[in-house]
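Structural characterization, general
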Amino acid sequence: MSETISLDDIYIAMCSSKPTLYKAIIGLILSSGMAPITLSTLTLNDFLVACNDYFQETEDKTLQNLLKKDPWKIIPCWKIKTKNIFTFNTPETTFYLFLYLKEKRMDDLNNLDYPLFKSGKNNFLTSSKISSYVTEFNAILRLFNENYENKFKSKNLIATFEDIYDKNMLIEVNNKNNLLKLFEGKLSNNSKFYRASMKDQQKIKDYYKILIPFLTAREFNLNHENFNDKKIISPIIQDFYVTELKEELDLDYAQEQLLCKFAEDLTKNDSFNNDQTYLEKLFKKALVKLKVHYYDFEKNIKLFYVEKNPNPEVYAKRIEKDIYILGIYDLIKISRDEMSKFLINHIVRQNYYDKNMFGYEAKRIIKEVSYELIDNG
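Here's what I pulled together on the structure shown here.

Cut-offs applied
Residues numbered from 1 in each chain as written. Predicted model: local features only at pLDDT ≥ 70, side-chain atom pairs only at ≥ 80, totals over all residues. Heavy atoms only, no water. Helix = DSSP H or I, 4+ residues; strand = E, 2+ residues; numbered from the N terminus. Contact = heavy atoms within 4.5 Å. Phe/Tyr/Trp six-rings, centres within 6.5 Å; stacked < 30°, edge-to-face > 60°. Buried < 20%, exposed > 50% of the residue type's maximum accessible area, 1.4 Å probe, protein only. Lys NZ or Arg CZ within 6 Å of the ring centre and 35° of its normal. Pairing = 2+ DSSP bridges. Core = buried A, V, L, I, M, F, W, Y, C linked by side-chain atoms within 4.5 Å.

**Things to note about the environment of Asp239**
Relative to the helices and strands, Asp239 resides in helix α13 (residues 230-249). Sequence-wise, Asp239 and Glu136 are 103 residues apart; in three dimensions their C-alpha atoms are separated by 40 Å.

Right under this line is the structure:
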C-alpha cells in the first residue's frame, strides 16, 4: 500500500549530500507524476523539447543555450506520445535537472538521443535502478529520526503527487479525474478531454501552476493553505465559478465578470484558502455584493433611506425588507425573525441608529451582516 511523504522529508533529501542526479530524479517523479519506467526512457532531446517555449524565435534551441537560462522561471512541458503522457515539473525540479546536467553532462549535450539519466557510458538507467536511488534517501531520513520507516519510495512519491493534486485541484469532478489521468499517461489519446487538452495546452499549464507551491520542497515550512498570490487565486476563482456555479446561477457575461471580480476582491481582506468550503462561502459573499451592486436603494426614497429615529428596530425592519427582496435568504439559512434580531444587534453595536441613514450605509450594513452570517454558517 502506498503512503505519502511529507514535504519536509523531501526537503531534507534535497539538502543531503546525495548526487544531483538522485535529487533530479525524486523531484521529477514527485512533481510530474511520471513513474520510474517513464524516466528510464527519457532522452536529452525529450528535456530540450519540454523546454521549447522558453526559447526566443531566433535563438538556437540547444541544451547549451537552455542551461544559460534561469531554471526557476522554467516549467517544462513533457509530451511523451508513446505513453500518452502530458505533464509538467516544478521550477525546483528544473533547477536540479540543470544542476545535474551542468555537473555531469556538459561533454555530451549535443548527443540528444542519449539518455537523460544514464548509467555507465551511454546506457539508460533502468527503472529498478532509478527506484533504488530513491530508496537510498531513507538512510538520510533515519539520521533525523531513528524510527523513520522506509517510506521514501518511487510509488510513495507518486502517491504524494496524487494526494497533493486531490487536495488542491478544485475543478469539476470528471475534468479533475481526466486531468490526473492525462498527467500520469492513463488517458486515451482518442478521448475528448485529451484532444481538447492538446488544443489548449496553456490552460492545462495554468491548472498545473496551481499545484507548484504544494510540490516545491524548499517551501515545506510555508502555510500554503493561506496564500495570496493573485496569479494563483484568479484562475482558481474563475474555474470554481465555471465548474461549480455557472450553470446554476445563469448570469449574463457582465454579471459573471463582476461576480468573479468581487470574489477576488474579497480575498484581499482575509487569507485565501484553496478549499471547497472556503470557496463556497467566498462566492456567497460575492453574490451578496453582486445583488447589492445592482439594487436601487434610493428608489421611492425622497431624501434618506431611514429618517432619524431613536429605535434601532425601525432601521432593522427597513433593511430586513430589502434583504428579503434581494433574495439573500437563499444564501443564508436564517429566519426573518432571527435576521431582524441580528440586524438590531449590529445596528446598535455599530451606532447606526438615531441618525439619518443613507442608502450607502444600508448597503454597507447588508454586506457586513451577510458576510458575518456566512462566515459563521
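There is more to say, and it comes next.
**Some remarks on the side chain of Lys285**
Mapped onto the fold, Lys285 is located in helix α15 (residues 276-294). Those residues in contact with Lys285 that sit more than four places away from it in its chain are Leu266, Asp270, Tyr371, Ile374 and Asp375.

**Digging into the packing of aromatic side chains**
This structure, assessed with the given rule, holds 19 aromatic pairs. With a centroid separation of 5.8 Å and an interplanar angle of 25°, the aromatic rings of Phe47 and Trp78 are classed as stacked. With a gap of 31 residues between them, Phe47 in helix α4 (residues 44-50) and Trp78 in strand β1 (residues 77-80) connect regions that are remote in the sequence. The same class applies to Phe47 as to Trp78, namely buried. Ring geometry for Phe358 versus Tyr360: centroids 6.0 Å apart, planes at 15°, classification stacked. Here the aromatic residues Phe86, Phe88, Phe161, Tyr165, Phe183 and Tyr208 are joined through ring pairs into a cluster of three or more. Between Arg218 and the ring centre of Trp72, over which it is positioned, the NZ or CZ distance is 4.0 Å. Above the face of the Tyr305 ring, Arg318 is positioned so that its terminal group lies 4.5 Å from the ring centre.

**Digging into the pairing of strand β2 (residues 85-88)**
Because side chains alternate across β2, one face comprises the buried residues Ile85 and Thr87, and the other comprises Phe86 and Phe88, equally buried. In terms of strand pairing, β1 meets β2 through four bridges, oriented antiparallel. Within β2, the residue paired with Ile80 across the bridge is Ile85. Linking two consecutive strands that pair antiparallel, namely β1 and β2, is a turn of four residues; a positive phi of about 60° is found at Asn84 within it.

**Points about the nonpolar core**
Counting 120 residues, the largest nonpolar core has Ile25, Phe47, Trp78, Phe117, Phe152 and Leu179 as its most contacted members. Take this core: its biggest share by element is nine residues, from α15.

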